[in-house]
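Fold and contact review
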Number of protein chains: 2
Amino acid sequence: MKDKTVTTDTPDLDERHRRRMQRKKELIDAKIAAAQRDCGVIVVTTGNGKGKSSSGFGMVARALGHGMKVGVVQFIKGAVPTGEESFFRRFPDEVRLHVMGEGYTWDTQDRERDMQRAQAAWAVAREMLSDPSLGLVLLDELNIALKYRLIDVQQVIDDLLSRPEMQHVVITGRAAPPELIEIAHTVTEMGVVKHAFAQGIRAQPGVEL
Amino acid sequence: MKDKTVTTDTPDLDERHRRRMQRKKELIDAKIAAAQRDCGVIVVTTGNGKGKSSSGFGMVARALGHGMKVGVVQFIKGAVPTGEESFFRRFPDEVRLHVMGEGYTWDTQDRERDMQRAQAAWAVAREMLSDPSLGLVLLDELNIALKYRLIDVQQVIDDLLSRPEMQHVVITGRAAPPELIEIAHTVTEMGVVKHAFAQGIRAQPGVEL
């Protein structure tokens with residue numbers, strides 16, 4: 001490994017690095033001084049890129065690491081058993097996990113049935129959003145259910161806004177509706193730069209499943 | 001809740017939905033038929049948006065759910081104890097976790113010391129990348145170490161390309177170098193739509209920490 005080690009034999013580079021880092025530190029310190037409020041935040045991850053649900057489940061792990069209890073409702077998905085589901089089922093006292101039944105809507109092609117299921121799942125979500133013992137609630141793929149108008153967006157907004165003050169909510173899925181983006185604190189658009197699928201590689205357990 | 005329930009009393013909408021879902025299903029089935037190869041994938045999450053590291057930790061949870069063993073090296077970060085670290089330390093037989101010492105580089109302003117630490121962390125990563133018992137390796141914030149040239153990118157590429165065939169690697173952090181994007185299978189650019197920080201809300205445990 002030694003021959004490839006990057007060396008810093010130029011004092012200029014060291015000095016430039018020091019000055020750049022110092023400016024960066026000042027900037028960050030000022031921003032930190034300005035941001036002092038604590039509250040439950042609404043985080044939305046949307047866009048076509050890979051990482052929306054996995055980011056939500058990473059926040060579940062983070063919350064558990066801080067001793068919080070967590071609620072999870074998975075909308076739309078459900079036909080395929082996933083790694084995150086079997087993993088988080090290990091902690092029934094810490095994670096309340098509800099998976100909406102029977103697969104993607106394009107597998108069922110039955111709007112009435114999809115709608116009943118989505119609304120039943122929302123009833124579970126709603127209960128979580130009124131439970132102050134839950135520090136974080138993940139509503140995985142909710143955006144898809146909203147996009148296909150399986151759940152009323154105004155109902156969702158009302159329930160989100162009346163949740164406990166310190167409860168965090170993470171909402172994932174492509175095509176987040178503008179009403180939701182409006183009330184969210186943090187919104188990330190995940191863009192595809194490239195995807196393994198397009199290179200003929202199927203969904204890999206541990207990565208996509 | 002009943003008064004807000006969305007009803008489907010228009011058969012046209014049901015029929016349109018059915019046709020649209022059928023077309024979608026055909027498209028997806030064709031794509032699935034084309035993607036049949038299995039291999040260890042390299043996933044890169046980059047950009048300025050929130051969700052890069054949490055997505056990596058979500059994939060760690062997924063991999064554990066499939067019974068894999070996982071390796072994690074956290075580059076740059078380390079001064080602040082994080083939720084993900086305390087959570088995944090619960091599983092010492094399943095997760096090998098290495099956190100690079102002492103905080104962000106802009107807190108140290110000492111390039112020589114940063115470089116030594118980053119290279120020591122890479123030596124741990126390299127060992128994981130030659131261990132076929134690890135199904136997934138997360139190199140969290142590696143891109144930052146590459147951006148500040150604390151580790152040689154060619155060394156990283158060489159070690160990634162010589163890893164076990166079925167091992168997945170997830171690399172996170174702003175400003176992924178083009179050489180890394182070139183060899184990756186899946187790359188997501190996470191864009192900021194909005195961030196709680198800009199609204200005066202500090203980093204919240206369970207969400208950012």
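What you see is a predicted model, and the numbers here were worked out from it, not measured in a lab. (Residues numbered from 1 in each chain as written. Chains lettered and ligands numbered in written order. Predicted model: local features only at pLDDT ≥ 70, side-chain atom pairs only at ≥ 80, totals over all residues. Heavy atoms only, no water.)

1. Some thoughts on the nonpolar core
Residues Val60(A), Phe87(A), Phe88(A), Val60(B), Phe87(B) and Phe88(B) are the most contacted members of the largest nonpolar core, which totals 46 residues. Excluding anything up to four places from it in sequence, Val60(B) contacts Val70(B), Val72(B), Phe88(B), Leu136(B) and Leu138(B). (Core = buried A, V, L, I, M, F, W, Y, C linked by side-chain atoms within 4.5 Å. Buried < 20%, exposed > 50% of the residue type's maximum accessible area, 1.4 Å probe, protein only. Contact = heavy atoms within 4.5 Å.)

2. Points about the interface of chain B and chain A
Across the contact, 98 residues belong to chain B and 98 residues belong to chain A. Of the roughly 8800 Å² buried at the junction of chain B and chain A (both faces included), carbon and sulfur atoms supply 57%. Across the contact surface, chain B and chain A share six salt bridges. The interface formed by chain B and chain A holds 48 residue pairs in polar contact (both at pLDDT 80 or more) in total. Of all elements in the fold, only α1 (11-34), α2 (52-65), α3 (83-88), α4 (105-108), α5 (111-128), α7 (153-161), α8 (178-183) and β6 (186-194) of chain B reach the threshold of two or more residues within the side of chain B that touches chain A. Ranked by the residues each element gives to the side of chain B that touches chain A, the list is headed by α1(B), at 13 residues. Its residues placed into classes, the side of chain B that touches chain A shows 40 nonpolar, 30 polar and 28 charged. Here seven bridges tie strand β6 (residues 186-194) of chain A to β6(B), and the two strands are oriented antiparallel to one another. (Buried area = accessible area lost by both parts, 1.4 Å probe. Salt bridge = Lys/Arg side-chain N within 4 Å of Asp/Glu carboxyl O. Polar contact = N/O pair within 3.5 Å; in protein donor to acceptor, adjacent residues only side chain to side chain. Helix = DSSP H or I, 4+ residues; strand = E, 2+ residues; numbered from the N terminus. Nonpolar A, V, L, I, M, F, W, Y, C, P; charged D, E, K, R; others polar. Pairing = 2+ DSSP bridges.)

3. What about the relation of the copies chain B and chain A?
Under the fitted operation, chain B is carried onto chain A by 0.0 Å of movement along the axis and a turn of 180 degrees, and the coordinates agree to an RMSD of 0.0 Å. A rotation of that kind, with that shift, is consistent with a two-fold axis. Mapped onto chain A, 100% of the interface residues of chain B again fall at the interface, so both copies present the same surface. (Least-squares fit on C-alpha atoms with pLDDT ≥ 70 in both.)

4. Re unusual backbone geometry
What you tend to see is this: most non-glycine residues have negative phi, and most peptide bonds are trans. All names here are of chain A. One non-glycine residue, Glu141, lies in positive phi territory at about 65 degrees. For Glu141, a relative accessible area of 13% puts it in the buried group. The backbone of Arg149 shows a phi angle near 50 degrees, a positive value even though the residue is not glycine. Within the element layout of this structure, Arg149 appears in the loop between α6 (142-147) and α7 (153-161).

5. Observations concerning the confidence of the model for chain A
Residue and element names in this part refer to chain A. Looking at chain A as a whole, its pLDDT mean stands at 88, while 89% of the residues score no less than 70. Here helix α4 (residues 105-108) is the element of chain A with the lowest mean pLDDT, 59, and strand β5 (residues 168-172) is the one with the highest, 98. Low confidence marks residues 1-8, where pLDDT is under 50. Its contacts with residues over four positions away, or in another chain, come to 18 contacts. (pLDDT = per-residue confidence, 0-100.)

6. Remarks on the sheet that holds strand β1 (residues 42-46) of chain B
Spatially, β3(A)-β2(A)-β4(A)-β5(A)-β1(A)-β6(A)-β6(B)-β1(B)-β5(B)-β4(B)-β2(B)-β3(B) is the arrangement adopted by the twelve strands of the open sheet, whose pairing is mixed. Of all the strands in the sheet, just β3 (95-99) of chain A together with β3 (95-99) of chain B have a single pairing partner and so form its edges. Taken over all neighbouring pairs, the strand axes of this sheet differ in orientation by 15 degrees on average, direction set aside. When β1(B) meets β6(B), the two strands line up parallel, connected through four bridges. Paired with Val44(B) across the bridge in β6(B) is Val187(B). Where α5(B) meets the sheet, its contacts fall on β2 (69-74), β3 and β4 (134-140) of chain B, and the angle it forms with β2(B) comes to roughly 165 degrees. (Axes fitted to C-alpha atoms, helices over the stretch in contact; angles between N-to-C directions.)

7. Some details on a positive patch on the surface
On the surface, Arg16(A), Arg20(A), Arg23(A), Lys147(B) and Arg149(B) cluster together to form a positively charged patch. Of all the elements, helix α1 (residues 11-34) of chain A adds the most residues to the positive patch, at three residues. Within the secondary structure, Lys147(B) sits in helix α6 (residues 142-147). Residue classification places Lys147(B) among the partly exposed positions, given a relative accessible area of 36%. (Patch = residues over 30% accessible without salt bridge, like charges linked within 9 Å, V, L, I, M, F, W, Y side chains within 5 Å. Areas by Shrake-Rupley, 256 points an atom, 1.4 Å probe, with all protein chains shown as cover. Lys, Arg positive; Asp, Glu negative; His and termini not counted. Charge placed at Lys NZ, Arg CZ, Asp CG, Glu CD.)

8. Focus: the pattern of salt bridges
Under the definition given, this model contains 16 salt bridges over all chains. In this structure, the salt-bridge partner of Arg19(A) is Glu15(A), at a minimum N-O distance of 3.3 Å. Of this pair, Arg19(A) and Glu15(A) are both found in helix α1, four residues apart, which corresponds to roughly one turn of the helix. For Arg19(A), a relative accessible area of 41% corresponds to the partly exposed category. By relative accessible area, Glu15(A) is classed as partly exposed at 32%. Arg202(B) is the salt-bridge partner of Asp38(A), the closest N and O atoms lying 2.8 Å from each other. A residue pair is termed interchain when its members come from two chains, as with Asp38(A) in the loop between α1 and β1 (42-46) and Arg202(B) in the segment after β6. Residue classification places Asp38(A) among the partly exposed positions, given a relative accessible area of 35%. Among the residues examined, Arg202(B) registers a relative accessible area of 35% and is labelled partly exposed. Three or more residues are tied together by salt bridges with common partners; here these are Glu15(A), Arg18(A) and Arg19(A).

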